[in-house]
Amino acid sequence: MSIDVAHDDVTRVQQLANDLKGKQVILPCRCDAKKGGKSGAWLSRFLPKGSSIQALPDAFKKDI
């Protein structure tokens, strides 16, 4: 899933991405749907500025 990040948070999120690469994570994500376009709507997702991104504890992981 792609999630937009505030310009001010890009460096911080890049550093976290390196630390959390390959792990499942949990983070707040705001979703907005708006009318428009040929298909009738579009959806955007973004990380609120300054939000934390954390590794998902093993206790919450599901076997896939």
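Note that the coordinates shown come from a computational prediction; the quantities given were computed from them, not determined experimentally.

1. Overview of the overall build of the protein
Each helix and strand counted, the protein has one helix and five strands in total. Going from N to C terminus, the protein has its helices and strands arranged as β-α-β-β-β-β. Expressed as a percentage of the 64 residues in the protein, the buried residues total 11%. Residue pairs in contact within the protein that sit at least 24 positions apart in sequence constitute 60% of those at least 6 positions apart. Accessible surface computed for the protein: about 5500 Å², of which carbon and sulfur atoms make up 54%.

2. As for the pairing of strand β4 (residues 41-47)
Of the pairings in the sheet, the one linking strand β1 (residues 4-5) to β4 comprises two bridges and is parallel in character. Among the inter-strand pairings, Asp 4 is bridged to a residue of β4, identified as Phe 46. Sheet topology note: the strand β3 (residues 30-35)/β4 ladder contains six bridges and is antiparallel. What sits directly across from Arg 30, in β4, is Phe 46.

3. Here we look at the sheet that holds β4
Ordered in space as β1-β4-β3, the three strands form an open sheet in which the pairing is mixed. The sheet terminates laterally at β1 and β3, the two strands that pair on one side only.

4. Regarding the pattern of salt bridges
Opposite charge on two side chains permits pairing when their charged atoms draw close. Per the counting criterion, the structure on display carries three salt bridges. Its salt-bridge partner being Lys 49, residue Asp 8 comes within 2.7 Å of it at the nearest N-O pair. A residue pair is termed long-range when its members are at least 10 positions apart, and Asp 8 in the loop between β1 and α1 (10-20) and Lys 49 in the loop between β4 and β5 (54-55) qualify at 41 residues. Among the residues examined, Lys 49 registers a relative accessible area of 58% and is labelled exposed. Of the charged contacts, one joins Asp 9 and Arg 12 as a salt bridge, the two residues approaching to 3.5 Å between their closest N and O atoms.

Cut-off values and rules
- Residues numbered from 1 in each chain as written.
- Predicted model: local features only at pLDDT ≥ 70, side-chain atom pairs only at ≥ 80, totals over all residues.
- Heavy atoms only, no water.
- Helix = DSSP H or I, 4+ residues; strand = E, 2+ residues; numbered from the N terminus.
- Buried < 20%, exposed > 50% of the residue type's maximum accessible area, 1.4 Å probe, protein only.
- Contact = heavy atoms within 4.5 Å.
- Areas by Shrake-Rupley, 256 points an atom, 1.4 Å probe, with all protein chains shown as cover.
- Pairing = 2+ DSSP bridges.
- Salt bridge = Lys/Arg side-chain N within 4 Å of Asp/Glu carboxyl O.

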